[in-house]
Structure formats: structure tokens, C-alpha cells
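The primary structure of each chain is shown beneath.
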Amino acid sequence: MDDIGSVVSLKNVKKAFGNNVVLSGIDLEVRKGEVVVICGRSGSGKSTLLRCIDQLETIDSGQIRAAGHLMGFKEVKGKLLPLHDSAIARQQRDIGMVFQNFNLFPHISVLENIMLAPARILKRKRSEVKQEAVALLERVGLPDKQNAYPRQLSGGQQQRIAIARALAMKPKLMLFDEPTSALDPEMISEVLDVMVDLSKAGMTMIVVTHEMGFARAAADRVILMHDAKIVEDGAPGDFFERPKSEHTRLFLSKILQH
């Protein structure tokens, strides 16, 4: 990375789907251990930004560095050459991503869901991986669920297992794409509590969410995206109490009414 403390660096990142511009020259730096919350109305580019960082979408121009990698490219004699899928997959190992939908494998147990990637992709010993998976279940508050199947769990429990599964790869960066939006209200706090604990442990995190309580409690910075651009980027106190952008004031007046 250019900056030794930087885990994520986006420079003039652009992305469009046909005529629909979703990222319009995004610049963003996230330092090691920072928790950055991104909010904004639907269609403002938040989820696409995360998907581009993790190379689930390819950018049209600009540059993304994340977790020590020039995402999607390699530099050869001053030129950027696109990577093959297998090389991109190796880059993605250092980034954990948690989606709205839990994406657990329904046919295998909770423990096997967590063990699968480190055992199969990293070729690590199953005995070591199992020991770590059991510890991760403890960490997300579900030590008694290792033999359960996803269908036997609540939505909140499934999302905590999804977080444990991402952590099993020992990522340098965690991305959360509206991790509580598919949950019933009473299950949201159990997932957010795990995320707050992660933030306190020093995990670098970028979180797309409408949970403003989490943003106040855990974020180092809160960003507002509007019309494919970042229009506000500040500490929670400044963001909520002294926003610079009219878009932010309008967004907060709407979201804080609910």
C-alpha cells in the first residue's frame, strides 16, 4: 500500500451499468483498525462500492488497493494488466464479506460451514481448523450450535454464523453489506453486538447500513453517498451534529424520524 497504515485505498474509481453511473470518481482511504460506516438512500452506490472492493464487480476506471493487493490487476512495467479469476480469488481470501442474505450451505452443519473454506481453499489441517471454528462459535455467542443445520437457526443466528465463517479465513478487512436488513427487529441487536465486539478487537471494517445507533457506537467515520458520490465523510459527532452537506441534513431528518 502507498500509505503503510492504509488497508483500503480507492483512487478515482468509476463504475456504470450501461448509462446508469453508480460510482462517479470515488476517492476513499481506510486505515488499519478503522470502522467506516457508509449510508445513503437506495441506489446511491453503497453496495456497488463494497462489491468493487471485493472484485465481485469490475471497475471501469481508477484503482483499488485493499488488504495489500491491487485488486483485479497486476502492475507490469508500469502497466496495469487484468488478473485471471484464480488470481482474483487469491486476493479475495484476505477480505471477508457478509451479505444481506446469509448464503450458508444448507446441507452441511454450522461447524462444517465455518470449516469449509480454510480446510479446502487454504489446505489447512482439519484438526486445527475445527479448533478455530469452535472458538469462533464461542466468539459469536453460539457455542452450542456447531451440529445444527442452517434451517434450524433464526435469521440472527444464521447471520452470526456467516460472520464466523468470514472470520475463519483470518481476513485483513471485513465488508458488511446491510447485514441486518433481512432480519426481524428483535434479532438485529444480536448481530450488531458481534460487530461492535469485532470493532473493539481492532478489525478493519467497512459497513453499509441504516443502523445509525451502530454508526454512533462503533464507527470511527460515517460516510454519506448520494448520486454515486461521497458527499459527507466525518467522525460520528460531526456527521450527526454538524453535517456539512445539505444531502446529509436531509437524509438524517428522514432516517432519524423512524
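As the structure is a prediction and not an experimental result, all values here were calculated from the model. (Residues numbered from 1 in each chain as written. Predicted model: local features only at pLDDT ≥ 70, side-chain atom pairs only at ≥ 80, totals over all residues. Heavy atoms only, no water.)

## Quick look at the nonpolar core
- Judged by nonpolar contacts, the single largest core of 51 residues is most densely connected at Ile114, Ile163, Met174, Phe176, Met195, Met205 and Phe214.
- It is helix α6 (residues 185-200) that contributes the most residues to this core, 8 residues altogether.
- Residues in contact with Ile163, not counting those within four places in the same chain, are Val98, Met174, Phe176, Val191, Val194, Met195 and Leu198.
- Counting 27 residues, the second largest nonpolar core, distinct from the first, contains Leu49, Cys52, Leu173 and Leu175. (Core = buried A, V, L, I, M, F, W, Y, C linked by side-chain atoms within 4.5 Å. Buried < 20%, exposed > 50% of the residue type's maximum accessible area, 1.4 Å probe, protein only. Helix = DSSP H or I, 4+ residues; strand = E, 2+ residues; numbered from the N terminus. Contact = heavy atoms within 4.5 Å.)

## A few points about the sheet that holds strand β5 (residues 69-70)
- Strands sit in the order β2-β1-β4-β5 across an open sheet of 4 strands; the sheet is antiparallel. Across the chains shown, the open sheet's two edge strands, defined by having one partner strand only, are β2 (20-31) and β5. (Pairing = 2+ DSSP bridges.)

## Some points on helix α9 (residues 246-255)
- Among all positions of α9, only Thr248, Phe251, Leu252 and Ile255 are buried. All buried residues of α9 fall inside an arc of 95° around its axis, so they share one side.
- Looking at the buried side of α9, the elements it contacts are β3 (35-39), α7 (212-218), β11 (221-226), β12 (229-234) and α8 (236-241).
- Where α9 begins, the capping side chain belongs to Ser245, and its oxygen is found 3.0 Å from the backbone nitrogen of His247. (Arc of directions from axis to C-beta. Polar contact = N/O pair within 3.5 Å; in protein donor to acceptor, adjacent residues only side chain to side chain.)

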